[in-house]
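Descriptive structure summary
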Amino acid sequence: MNGFHVKDFCDKKELAISVGFVFLHEFIKKWRASFDENIFIYFGVAAKEEEFGPDATFSFHKKRKNEAWMDVEEIEGLDGAIMAIEI
């Protein structure tokens, strides 16, 4: 699993969610152009004001048989907003 909090790399913390979506789009384009391996991407958004402001998290892992970081069938039961993408 590889991942990070987008706000840790933003000069303006209030733009973390917007910057995260741009990064997500660019990551997908570059991955598809460079690799043939399938991966799962998880993009989480914490839009409400928290101690350090809004944030987005980005993580991905290689798709392996019988192994998953998150059960996407249970995604609706989570507290935060999470987008799961298989590419």
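Everything numeric in this text was worked out from a predicted model, so none of it was measured. (Residues numbered from 1 in each chain as written. Predicted model: local features only at pLDDT ≥ 70, side-chain atom pairs only at ≥ 80, totals over all residues. Heavy atoms only, no water.)

Another point: the pattern of salt bridges. Using the criterion set out here, one finds 2 salt bridges in the structure. Across the salt bridge formed by Lys29 and Glu26, the nearest N and O atoms sit 3.3 Å from each other. With a gap of 3 residues between them, Lys29 and Glu26 both fall in helix 1 (residues 16–34), about one helical turn apart. Measuring nitrogen to oxygen at the nearest pair gives 3.0 Å for the salt bridge that ties Lys62 to Glu37. Taken together, the residues Lys62 in strand 3 (residues 55–62) and Glu37 in the loop between helix 1 and strand 2 (39–46) connect sequence positions 25 residues apart. Accessibility expressed as a relative area gives 37% for Glu37, which makes it partly exposed. (Salt bridge = Lys/Arg side-chain N within 4 Å of Asp/Glu carboxyl O. Helix = DSSP H or I, 4+ residues; strand = E, 2+ residues; numbered from the N terminus. Buried < 20%, exposed > 50% of the residue type's maximum accessible area, 1.4 Å probe, protein only.)

So, on to the packing of aromatic side chains. A complete count under the given rule lists 13 aromatic pairs for this structure. Aromatic pair Phe27 and Trp31: ring centres 5.9 Å apart, planes at 20 degrees, arrangement stacked. Here the residue Phe27 and the residue Trp31 both occupy positions in helix 1, the gap between them amounting to 4 residues, near one helical turn. By relative accessible area, which is 15% here, Phe27 ends up buried. Pairing Phe40 with Tyr42 gives two aromatic rings, centres 6.4 Å apart and planes at 20 degrees, and the pair type is stacked. Among the residues examined, Phe40 registers a relative accessible area of 15% and is labelled buried. Through pairs of rings, three or more aromatic residues link up here, namely Phe4, Phe9, Phe23, Phe27, Trp31, Phe35, Phe58 and Phe60. (Phe/Tyr/Trp six-rings, centres within 6.5 Å; stacked < 30°, edge-to-face > 60°.)

Moving on: helix 1. For helix 1, built from 19 residues, the straight-helix expectation of 27 Å at 1.5 Å per residue is met to within 8% by its first-to-last C-alpha distance of 26 Å. Of the surrounding secondary structure, the elements contacted by the buried residues of helix 1 are strand 2, strand 3 and strand 4 (81–86). (Expected span 1.5 Å × (residues − 1). Contact = heavy atoms within 4.5 Å.)

From the geometry alone we can't say anything about function, so treat these as descriptive.
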